[in-house]
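Here are the chains, one letter per residue:
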Amino acid sequence: MYGEGDPCAAVMVIGEGPGETEDELGRPFVGRAGALLDRMLLAIGLPREDVYICNTVKCRPTFDDGVRLRNRAPAPAEMLNCRGYLDEQIAIVQPRAILCLGAPSAKSFLGPTFSITRQRGQWFEGPNGIPLIATFHPAYLLRMTGGELNAAKRLVWGDLQALRARLDAPPPETVAEISQPSLFEP
Ligand code: URA
């Protein structure tokens, strides 16, 4: 499964890999985690159709627990194998910002030392110089309850606000143009 959304999107959302529902339907983030992602994006005024959504790996990473196939995080070698597709997607969409969901996605750009607990919500220079920010994966939130969930939700909300603020800031060219005094002088 490749990805879906607006090919001219300002935001590219990058998850880990397709889960069972995504594998069946051939679309990213259409299961329970996807429904939560849709709500997270909408909370900052981004309908799902306005972003581009894809994953670090294009096939569902699984393991057999003896009864059924279960999801697992993609291995670094698997992410490397799919990296060409992801680079192609980034080159086509040329988003203004990348939102990585979960540690594996962020690590695939920022390296193995990236810590989702310490470094989520911070801006980094991503591929092709595109600003990149990471937050907790919605599937991780779905595994939490009570106070732990509320605390994590607050952090995610802050991360999403940071993304919104960057999208609302004028692009660098505009700042340069505005600060050109000659434009206003006779
Ligand atoms: N989790 C992901 O990381 N990607 C999907 O597409 C679905 C769930």
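Peer 1: Is there a simple way to explain the site of the ligand in this structure?
Peer 2: Residues in close proximity to the ligand include G15, E16, G17, P18, E22, P28, F29, N55 and H137, which together make up its full environment. Protein burial of the ligand: of its 230 Å² of free accessible surface, 92% is covered by the chains. Assessed atom by atom at 2 Å from the grid points, the ligand resides in the largest pocket.

Peer 1: Any chance you could explain the side chain of S108 here in plain terms?
Peer 2: Mapped onto the secondary structure, S108 falls in helix α4 (residues 103-110). A polar side-chain atom of S108 sits 2.7 Å from the main-chain carbonyl oxygen of S105. Look past the residues within four positions of S108 in its chain and what remains in contact with it is T56, M79 and R83.

Peer 1: Is there a simple way to explain the pattern of salt bridges in this structure?
Peer 2: A side chain with one charge can pair with a side chain of the opposite charge if their charged atoms come near. Per the counting criterion, the structure on display carries nine salt bridges. E78 serves as the salt-bridge partner of R72, at 2.8 Å between the closest nitrogen and oxygen. For E78, a relative accessible area of 27% corresponds to the partly exposed category. Of the charged contacts, one joins R83 and D87 as a salt bridge, the two residues approaching to 2.9 Å between their closest N and O atoms. Taken together, the residues R83 and D87, both in helix α3 (residues 76-93) and four residues apart, mark about one turn of the helix. Note on D87: relative accessible area 36%, which makes it partly exposed.

Peer 1: Hey, could you run me through unusual backbone geometry in this one?
Peer 2: Apart from glycine, the bulk of residues carry a negative phi angle, and the bulk of peptide bonds sit in the trans form. Despite not being glycine, F29 has its phi angle at roughly 50°, a positive value. Mapped onto the secondary structure, F29 falls in the loop between α1 (20-25) and α2 (32-43). A relative accessible area of 5% places F29 in the buried class. Look at Q94: it is not a glycine, yet its phi comes out positive at around 45°. Residue placement: Q94 occurs in the loop between α3 and β6 (97-101).

Peer 1: Is there a simple way to explain a nonpolar patch on the surface in this structure?
Peer 2: Taken together, the side chains of Y2, Y85 and I92 define a hydrophobic patch exposed on the protein surface, amounting to about 320 Å² of accessible area. Secondary-structure assignment places Y85 in helix α3.

Peer 1: Is there a simple way to explain the environment of P28 in this structure?
Peer 2: Mapped onto the elements of the fold, P28 is located in the loop between α1 and α2. Residue classification places P28 among the buried positions, given a relative accessible area of 1%. With 13 residues separating them in the primary sequence, P28 and G15 have C-alpha atoms 8.5 Å apart. Every residue in contact with P28, bar those within four places of it in the chain, is listed here: M1, G3, E4, E22, R48, I53 and N55.

Peer 1: I would appreciate a short explanation of the layout of surface pockets in the present structure.
Peer 2: One way to see where empty space is left: roll a probe the size of a water molecule over the atoms. The calculated volume of the largest pocket comes to roughly 740 Å³. Contributing to the lining of the largest pocket are 29 residues, with A33, N71, H137, A139 and R143 lying nearest its centre. When contributions to the lining of the largest pocket are tallied by element, the ones reaching two or more residues are α1, α2, α4, α5 (116-119) and α6 (138-142). Looking at the lining of the largest pocket residue by residue, the classes come out as 13 nonpolar, 10 polar and six charged.

Peer 1: When you look at the pairing of strand β2 (residues 11-15) in this model, what are you seeing that I'm missing?
Peer 2: Successive residues of a regular strand alternate their side chains across the two faces of the sheet. With five of five residues buried, β2 lies mostly within the body of the structure. Across the two faces of β2 the burial is the same, with V11, V13 and G15 and M12 and I14 all buried. Direction of pairing for β2 relative to β6: parallel, over a ladder of four bridges. Paired with V11 across the two strands is A97, which belongs to β6. Summarising the sheet, β2 and strand β3 (residues 52-55) pair through four bridges and their orientation is parallel. Looking at the pairing, V13 lines up with I53 of β3.

What counts, and at which threshold
- Residues numbered from 1 in each chain as written.
- Predicted model: local features only at pLDDT ≥ 70, side-chain atom pairs only at ≥ 80, totals over all residues.
- Heavy atoms only, no water.
- Near = heavy atom within 4 Å.
- Areas by Shrake-Rupley, 256 points an atom, 1.4 Å probe, with all protein chains shown as cover.
- 1 Å grid on protein atoms, 1.4 Å probe; cavity = no way out; pocket = protein on both sides within 12 Å on 5 of 7 lines; lining within 4 Å.
- Sits in = over half its atoms within 2 Å of the grid points.
- Helix = DSSP H or I, 4+ residues; strand = E, 2+ residues; numbered from the N terminus.
- Polar contact = N/O pair within 3.5 Å; in protein donor to acceptor, adjacent residues only side chain to side chain.
- Contact = heavy atoms within 4.5 Å.
- Salt bridge = Lys/Arg side-chain N within 4 Å of Asp/Glu carboxyl O.
- Buried < 20%, exposed > 50% of the residue type's maximum accessible area, 1.4 Å probe, protein only.
- Patch = residues over 30% accessible without salt bridge, like charges linked within 9 Å, V, L, I, M, F, W, Y side chains within 5 Å.
- Points joined across faces, edges and corners; volume = space filled by probe spheres on them.
- Nonpolar A, V, L, I, M, F, W, Y, C, P; charged D, E, K, R; others polar.
- Pairing = 2+ DSSP bridges.

By themselves, these figures tell us nothing about what the structure is for.
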